[in-house]
Amino acid sequence: MKILESRPERYDTGINFLSAGHAVKIRKQIVNNFVKPGMKILDIGCGTGILLEDAARAGAEAIGIDISAGMLKVAQKRIEKSELQNKISIYNAGAVEIDTLFSENSFDLVVSTLVFSELYQEERALALYQIKKLLKVNGKLVIAVEVQPKNLLKRIIHFFVRLPLTIITYIIAQTGTKPFTNIEEEVENSGFSIISEERSFLDSFVLLSADNSKNIAHAEVKFPNVKKPNDDFSIIKSIWDYIGRWFPNPVEPGLRVIGEPDRNSPVILTSNFHLTARRVERSLKNENVFLLIASSNGINVWCGSAGGELNTHSVITVIKTSRINERVNHNRIILPQFSASGIDRELLKSETGRKGFFGPAYSKSLPAYLRDHKTVFENNKADFSLPFRLEMLLSMNFIIWFALAVITLFIEPKMLLPVSVYFWSMGFILYAGYPIIPGNSGWLKAGVFSIIEIISIVLYTYFILKMPAFVYWKVMLGITVINLTLGFDLKGIVSGYPSEAEWLMKKLGMKSFGHIFSAEKQIEGLIQQDIDKCNNCRVCLMVCPKGVFDIVDGKNIRIMNRSECFACNACVTQCTEDALLLER
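Residues numbered from 1 in each chain as written. Predicted model: local features only at pLDDT ≥ 70, side-chain atom pairs only at ≥ 80, totals over all residues. Heavy atoms only, no water.

The subject of this paragraph is the overall build of the protein. Within the protein, the regular secondary structure consists of 22 helices and 19 strands. Within the protein, buried positions represent 50% of all 584 residues. Accessible surface, the protein as shown: approximately 27800 Å² in total, 59% of it carbon and sulfur. (Helix = DSSP H or I, 4+ residues; strand = E, 2+ residues; numbered from the N terminus. Buried < 20%, exposed > 50% of the residue type's maximum accessible area, 1.4 Å probe, protein only. Areas by Shrake-Rupley, 256 points an atom, 1.4 Å probe, with all protein chains shown as cover.)

Tallying each qualifying case throughout the model produces 12 aromatic pairs. When the ring of Trp240 is compared with that of Phe247, the centres are 6.5 Å apart and the planes differ by 25 degrees; the resulting orientation is stacked. Overall, Phe247 belongs to the partly exposed group, its relative accessible area being 33%. A centroid spacing of 5.7 Å and a plane angle of 45 degrees characterise the contact between Trp443 and Phe488, whose relative ring orientation is tilted. Pair noted here: Trp443 is in helix 17 (residues 442-464) and Phe488 is in the loop between helix 18 (473-487) and helix 19 (490-495), with a separation of 45 residues, a long-range link. Of the residues examined, Trp443 reaches a relative accessible area of 22% and is grouped as partly exposed. An aromatic cluster of at least three residues, connected via ring pairs, comprises Trp302, Phe338, Tyr362 and Phe566. Sitting over the face of the ring of Phe192, Lys132 holds its NZ or CZ atom 5.3 Å from the ring centroid. Taking NZ or CZ as reference, Lys445 lies 4.4 Å from the ring centre of Tyr434, over its face. (Phe/Tyr/Trp six-rings, centres within 6.5 Å; stacked < 30°, edge-to-face > 60°. Lys NZ or Arg CZ within 6 Å of the ring centre and 35° of its normal.)

Under the 1.5 Å per step criterion, the end-to-end length of helix 15 (residues 386-411) is 35 Å for 26 residues, consistent within 8% with the ideal 38 Å. Along helix 15, the largest kink reaches about 50 degrees and is centred on Asn397. All buried positions along helix 15 are accounted for by Arg389, Glu391, Met392, Leu393, Ser395, Met396, Asn397, Trp401, Ala405 and Thr408. Contact partners of the buried residues in helix 15: helix 9 (235-243), helix 10 (274-283), helix 16 (416-432), helix 18 and helix 19. (Expected span 1.5 Å × (residues − 1). Bend = angle between axes of the 7 residues up to and from the residue. Contact = heavy atoms within 4.5 Å.)

This model, assessed by the stated rule, comprises 17 salt bridges. Of the charged contacts in the structure, one is a salt bridge between Arg124 and Glu186, with a shortest N-O distance of 2.8 Å. One end of the pair, Arg124, is in helix 6 (residues 121-134); the other, Glu186, is in helix 8 (residues 183-189), with 62 residues separating them in the sequence. Here Arg124 falls in the buried class, since its relative accessible area comes to 11%. You can call Glu186 buried: its relative accessible area is 14%. With a closest N to O distance of 3.6 Å, Arg256 and Glu281 form a salt bridge. Of this pair, Arg256 sits in strand 9 (residues 254-258) while Glu281 sits in helix 10, placing them 25 residues apart in sequence. Looking at Arg256, the relative accessible area reads 1%, which means it is buried. (Salt bridge = Lys/Arg side-chain N within 4 Å of Asp/Glu carboxyl O.)

As a further point, take the pairing of strand 18 (residues 556-559). Residues Asn556 and Arg558 of strand 18 are buried on one face, and the alternating residues Ile557 and Ile559, pointing to the opposite face, are buried as well. Where strand 17 (residues 549-552) meets strand 18, 4 bridges bridge the pair, whose relative direction is antiparallel. Counterpart to Ile551 in the pairing with strand 18 is Ile557. Connecting strand 17 to the next strand, strand 18, in antiparallel fashion are 3 residues, including Asp553 with a positive phi near 60 degrees. (Pairing = 2+ DSSP bridges.)

With respect to topology, 7 strands assemble into an open sheet ordered 3-2-1-4-5-7-6, the strand pairing being mixed. The sheet is open, and its two borders are formed by strand 3 (88-92) and strand 6 (193-199), each paired with just one other strand. The sheet shows a mean angle of 15 degrees between the axes of neighbouring strands, taken without regard to direction. Where strand 1 (residues 40-44) lies against strand 2 (residues 61-66), 5 bridges are found, and the strand directions are parallel. (Axes fitted to C-alpha atoms, helices over the stretch in contact; angles between N-to-C directions.)

With that out of the way, let us pick up a nonpolar patch on the surface. Residues Ile451, Ile455, Leu459, Tyr460, Tyr462, Phe463, Ile464, Leu465, Val471, Tyr472 and Val475 make up a contiguous nonpolar surface patch of roughly 1100 Å² in combined accessible area. For Ile464, the position within the fold is in helix 17. (Patch = residues over 30% accessible without salt bridge, like charges linked within 9 Å, V, L, I, M, F, W, Y side chains within 5 Å.)

Before going further, it helps to examine the packing of helix 16 against helix 17. The geometry of helix 16 relative to helix 17 is characterised by a closest axis approach of 11 Å and an angle of 125 degrees between their N-to-C directions. Comparing their axes, helix 17 and helix 16 come out oblique. Once helix 16 is placed against helix 17, the crossing between them reads as right-handed. Packed against helix 16, whose contacting residues are Tyr422, Met426, Ile429 and Leu430, the element helix 17 presents Lys445, Ala446, Phe449 and Glu453 at the interface. (Parallel < 35°, antiparallel > 145°, perpendicular 65-115°, else oblique. Left-handed = near helix turned anticlockwise from the far one by under 90°.)

Another point: helix 13 (residues 345-352). You can read the cap of helix 13 off the contacts: a side-chain oxygen lies 3.1 Å from the backbone nitrogen of Glu346, and it is on Asp344. Gly353 sits one or two positions beyond helix 13 and adopts a positive phi of about 80 degrees. (Polar contact = N/O pair within 3.5 Å; in protein donor to acceptor, adjacent residues only side chain to side chain.)

Time to look at the pairing of strand 7 (residues 205-211). By the criterion of burial, strand 7 is predominantly enclosed, with 7 of the 7 residues buried. As paired strands, strand 5 (residues 135-146) and strand 7 are joined by 7 bridges and run antiparallel to one another. Residue Val145 lies in a different strand from strand 7, and its bridge partner there is Val206. Two strands pair when backbone bridges link them, and strand 6 and strand 7 are joined in this way by 6 bridges, in the antiparallel orientation. By the bridge assignment for strand 7, Glu198 is matched with Leu207.

What follows is about the side chain of Arg327. Position of Arg327 relative to the elements: it lies in the loop between helix 12 (312-322) and strand 12 (332-335). Look at Arg327: it is buried, it has no salt bridge, and the nearest opposite charge is Glu326 at 7.5 Å. A polar atom in the side chain of Arg327 sits 3.1 Å from the backbone oxygen of Ser322. Setting aside residues no more than four positions away along its own chain, Arg327 makes contact with Phe223, Pro224, Val226, Leu255, Arg263 and Ser322. (Lys, Arg positive; Asp, Glu negative; His and termini not counted.)

Further remarks concern the state of the cysteines. Here a disulfide denotes one covalent bond, and it connects the sulfur atoms of two cysteines. Applying the stated criterion across every chain yields a total of 0 disulfides. No disulfide involves Cys537; its nearest neighbouring cysteine sulfur is the one of Cys540, lying 6.1 Å away. (Disulfide = S-S within 2.5 Å.)

Positive phi outside glycine occurs at Asn105, with the angle close to 55 degrees. With respect to the secondary-structure elements, Asn105 resides in the loop between helix 5 (98-101) and strand 4 (107-113). Unusually for a residue other than glycine, Asn297 sits at a positive phi of about 60 degrees. With respect to the helices and strands, Asn297 occurs in the loop between strand 11 (289-294) and helix 11 (301-306).

The subject of this paragraph is the nonpolar core. By size, the foremost hydrophobic cluster in this structure holds 58 residues, and its most contacted members are Leu292 and Phe549. Here this core gets 6 residues from one element, more than from any other, and that element is strand 11. Listed in part, the 31 residues of the second largest apolar core include Val96, Val187, Phe192 and Ala210. (Core = buried A, V, L, I, M, F, W, Y, C linked by side-chain atoms within 4.5 Å.)

Function-wise, these values are silent; they only describe arrangement.
This is the structure in C-alpha cells:
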C-alpha cells in the first residue's frame, strides 16, 4: 500500500493549504478574467499543469515551462488524461530560458503563479525583460504571488497565522513559498504599465496585472551585483551547517569574485549550500577566479544533483543572470565532480556556449587543479575518512538528540544526562568504528550492539543483582531505540552506499520525503560497459567517486571494481558514446 505520494504529486495539496485556498481561486480567476479563445498564453512555472488545463479548455493555446522535471511528469499525465495534447505544450526550462525557446511578440498573455518570489533578484529582472520581448504589444502579464503585508499589525498577524501553516505544508509536500516585498516596483521598472492589483485578506496575497504598452521602451537589465567572499557570511547559518544537515541551508545564488580575475580567469561553479559556498571560497582565497553559485535549494552538490535540485537548468540560469559570458573571453566552466549525475553538458553548451569540465571531488583540491587539470584523476574519490564521519555524526544527529532531550526532560528529567552521554558515546562508536564493526548494514551493526547490551544487562541483573532478568526492560528498550536511530541510514551517510532508508521507503511504497530521502531517485543495478562503443575518453574515470574504473594496458578504460558501484549514474549520464548502462 502506498503511504505517501511523491513531492510533485503532493505539491498542489500543500500549496493550497499554505495559501488558505487562494492558489485555486487565483488560477480560476486568471482563466476567467484574462484568458480568451484563440489566445496564445505562456505559464511560467506551470507546475503540475492545472492552469494550463483550464486555459486550454477555455480555448487558448497553452504553453508551460517549469524547471522541475518531476512537476512536468505530473503535468504530462494530467494533459494526457484530459486529452488536450493538441492544445497544451510543456517544456523543462527555467524562467530565464524562455528567450531561446520562443520568438519575440508571440504571446498574448504571460502568467506566473507562486513563482516570482522563489526567484532571486537578478533572475526576476532578466525574466521580466524576456517576458516583455515575448509579449505582443499591449499583451498582458499576470503575476500571482504571496507578499509581505505593508501594515505592521497585519504583518505580525500574518506571521503568526502563516507559521503553523508553513510547518504543516512542509510535512505534506516538503515545499513552501517566500513572501515578496516589492513586486509592483520591479514590474514597473521592467517597462510594464500596471493595470490592477488585487490583495487578499491581510494583504498577504496579490494578483497583479500589467500591460506591455507600446509607449514604454524595453528596460535595460542592469549588470548584476557581484559579491566577494563572505559578503553573505552568517554565524547562524554556519552553526546550522553543522547541526541541521537534514534541512536546506541556502545562500543567495549569483556571482562571486575572488581575488582580481580578468577576462581570461577561470569560471568555477558550485551549489548554494552555505557550507559548500564558504568552503569553496576559502579554498580559492589565493586565486583569481569567478565563482558562480547555482541554486540547489540550499542543498549540497552531491545530494542536490542526485535529487534534481542542482540541474542543468539551474546552471544555465546562473550563467545567464550573472552575464558571465560578457565578463570573460573563454567558454569554459569548471563543474563540481559530484554534480555529474545531474548535468547535461551538451544542453549546457547549446544554451550558454559554455563547455563544462569536471573538477576535483573537493574544493581543497581546486588550486592544484587550476595549475594542472590532470590532478583531477588523483583527487576524484569521495572521502569517508574519520574526520568526515565525525562531522556527519554531529550534523546528522544533533536535531535527533535535541528532540530526544526534550522528550526526556518531560518524561524523566534526571535521565537527561545519562541518555545524552549514552547517545553520543554510541554515536561515536558507530560512526567512528563503522569500517571495522562487523556487518554490511548500519541497522545490523547497531542491532548487534543492542543485543550484546541487552544480554549483558540481563546477566548482570539476574546473577549479580539477584533480580528478575527483565526488570530493567525500559532501559533495554531505550538503548535499542537509540541504537537503531543512530544506525538509521548509517550505511548511506558514512560509506557512500545506497541508502537503507530509501530502500525501506521503496518497500513501503513511499517515493520521497522532502529533500532528505527519495526512493524514486534511488537507482538500482550494476554498471555494465560496452567495450565496442567505448572511446576511452576517461570521463567515467574522472567522475566516478568510488574508483570503479581504471586504466588497462596504458590506455583502455575498464570496469575494475564493480562491487564499489552504488549506481549514482554519474558515468552513465556523462558517457557520450552510450557505452555505459546500469542493469538490474
